[in-house]
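Topology and contacts: notes
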2 protein chains.
Amino acid sequence: MVGTASAGTTPGRTSSRRQRRHEATAEEIRQVARELMARDGTSSLNLRAVAREMGMTPSALYRYYASRDAILTALIIEAYDQVGETVEQAIAAAPLDASSTRILAGVHAFRRWAVEHPHEFGLIYGTPVPGYEAPRTESLSAAMRTGAAMFGELVRAVDSGLLVPPDDDTVPAELHPSLRELLLDPRAELPISAVALAVQFWMVLLGALSSEVFGHKPEPLAGGETGRLFFDYTIRQTLIAMGMARNAVEAGVSPPA
Amino acid sequence: MVGTASAGTTPGRTSSRRQRRHEATAEEIRQVARELMARDGTSSLNLRAVAREMGMTPSALYRYYASRDAILTALIIEAYDQVGETVEQAIAAAPLDASSTRILAGVHAFRRWAVEHPHEFGLIYGTPVPGYEAPRTESLSAAMRTGAAMFGELVRAVDSGLLVPPDDDTVPAELHPSLRELLLDPRAELPISAVALAVQFWMVLLGALSSEVFGHKPEPLAGGETGRLFFDYTIRQTLIAMGMARNAVEAGVSPPA
DNA sequence: GATCAATCGAGAACAACGTTCACTTTGATG
DNA sequence: CATCAAAGTGAACGTTGTTCTCGATTGATC
């Protein structure tokens, strides 16, 4: 559809001049689409408006994307990648000490991205928009990125003894198969209960962020600085509840606003 | 707009024959709209399709609703009310013993409604659809209903000593004003920390449900019975983390599937 | 450098959508 | 019966996403 490998002179060189120009225009389309979505508030992409903004004809866009949904899908994948990279970098930049600092760095980077890009957050973590638009195969790896980064930090906390999950028999036996299935990589040093904790942590995280971004949280707590503080407090409480030592949690420093 | 009191013969009688017929048609519109949304999967209401299904002209619908958004708003308010009543009844029907049974009854009723009405759940707890469609004044009381019911049970648990919240000074001082503001009704026997717990519990609940309904949760745990079990487990863990006695939580019985 | 095919873009057209407006029909009320 | 507001029709308007045809532009090839 969108330029597979061409029969160029040098077969290894996949980016001919044409292809680069093509990709540049495609990126401009995505960029303008993002801007319009942010400006008009609505999260429904207007194809003709994008063309108008670019000084093009609506039909010309079809040289770059097969449909409106295809553009949306591209935006979704890009958003997944963007937030994933943001969180990864925030974690990597934090010190590797025996505290919750790294985890806090990750979740705060996630929250910051979410409140700064509410429409893109809604695109990927909100109501699935059309029927089902996400071609799982393409977007799955991108979608997992943020979760994988956070999961990695939890594993590290468990490995280093910072977080001690409860006994496996505290989680209902019926759930064990499903939880074990989650660890595709069966290097599973991780106890089942820790996997359950990871999923629960993810749910709390998503719940906190979507409550705030979508306005389903009581107003007084949704604001900028207050929202950030309450988020921080909630995450720390959750970590303690998960079995991380209280002093390790409190020793963790949150990134500045 | 939609039939205020008419100058009928009996001024006290607000429902003349006409008005009843009017309301009946309006309800049919809502009903058909709900069915189409469920059938076509999409959560974007198609006005002309509704009219078609009813054997009417699209313009005729405007005798009943001022716009497409008005219908959506009506659906949203109705959904709020429906889930609110469902949860209220489930709680009321549960025994008043010294366990988590009532809370479990409430959250399971919530979950059941959510998975059985995914589109309506998305309508009220998903991405806000257009710019901002919800006229707060009208829908606020309906929107609060479910949360208020759950909140009431938490208060009861605190009052009866079943749930002992941590000291107030464990929650950051900067958050106290906002949290106190949440208790409009200043009969506030409730400690600030309990308010924080209530909000957090709400976030976990919403996070768990939207993860499952919107498919943002790892697949193995999203299924029907497994999903229900994991949800139950998560809620119980959360209650324990909040300070409810472990044996009281475990003594609670969940409603059957 | 001329040639040729692939690409790019324009422009008109189509169906479908939400909405408006002028009009008939209808059915209860004086 | 006469009246008059409500209910409903049908045509129209401005949008939207999408398709198709047809020139123009471009980049590689002889």
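A brief report on the enclosed structure follows. (Residues numbered from 1 in each chain as written. Chains lettered and ligands numbered in written order. Predicted model: local features only at pLDDT ≥ 70, side-chain atom pairs only at ≥ 80, totals over all residues. Heavy atoms only, no water.)

Quick look at the overall build of chain A
- Broken down by element type, chain A carries ten helices and zero strands.
- Across chain A, helices and strands are ordered from the amino to the carboxyl terminus as α-α-α-α-α-α-α-α-α-α.
- Looking at chain A residue by residue over its 257 residues, the buried ones come to 46%.
- Taking contacts inside chain A between residues at least 6 apart in sequence as the whole, the part at least 24 apart equals 69%.
- Accessible surface for chain A amounts to roughly 12800 Å². Of this, 53% is attributable to carbon and sulfur atoms. (Helix = DSSP H or I, 4+ residues; strand = E, 2+ residues; numbered from the N terminus. Buried < 20%, exposed > 50% of the residue type's maximum accessible area, 1.4 Å probe, protein only. Contact = heavy atoms within 4.5 Å. Areas by Shrake-Rupley, 256 points an atom, 1.4 Å probe, with all protein chains shown as cover.)

Notes on the protein's contact with DNA strand D
- Around DNA strand D lies a shell of 22 residues, among which A:Arg48, B:His22, B:Ser59, B:Arg63 and B:Tyr64 are the nearest.
- Atoms of DNA strand D within 4 Å of the protein: sugar and phosphate make up 53%, bases the balance.
- B:Arg63 is positioned with one of its side-chain polar atoms (N or O) 2.5 Å from a base oxygen of DNA strand D.
- Taking B:Tyr64, its side chain carries an N or O atom lying 2.4 Å from a phosphate oxygen of DNA strand D.
- Among the elements of the structure, helix 1 (17-39) and helix 2 (47-54) of chain A are those that each provide at least two residues to the surface near DNA strand D.
- Ranked by residue count, the leading element in the surface near DNA strand D is helix 2 of chain A, at three residues.
- Class assignment for the residues of the surface near DNA strand D results in seven nonpolar, eight polar and seven charged. (Near = heavy atom within 4 Å. Polar contact = N/O pair within 3.5 Å; in protein donor to acceptor, adjacent residues only side chain to side chain. Nonpolar A, V, L, I, M, F, W, Y, C, P; charged D, E, K, R; others polar.)

As for the interface of chain A and chain B
- Taken together, the contacts link 42 residues of chain A with 42 residues of chain B.
- Counting the surface lost from both chain A and chain B, the interface buries some 3800 Å², and carbon and sulfur atoms represent 69% of this.
- Together, A:Met203, A:His216 and A:Tyr233 form the three largest contributors to the area buried by chain A at its contact with chain B, with a combined 18%.
- In this assembly, chain A and chain B are joined by zero salt bridges.
- One can count seven residue pairs in polar contact (both at pLDDT 80 or more) joining chain A with chain B.
- At the level of elements, helix 5 (118-125), helix 7 (176-182), helix 8 (192-214) and helix 9 (224-242) of chain A are the ones that each hand at least two residues to the side of chain A that touches chain B.
- For the side of chain A that touches chain B, a count of residues per class yields 24 nonpolar, 14 polar and four charged. (Buried area = accessible area lost by both parts, 1.4 Å probe. Salt bridge = Lys/Arg side-chain N within 4 Å of Asp/Glu carboxyl O.)

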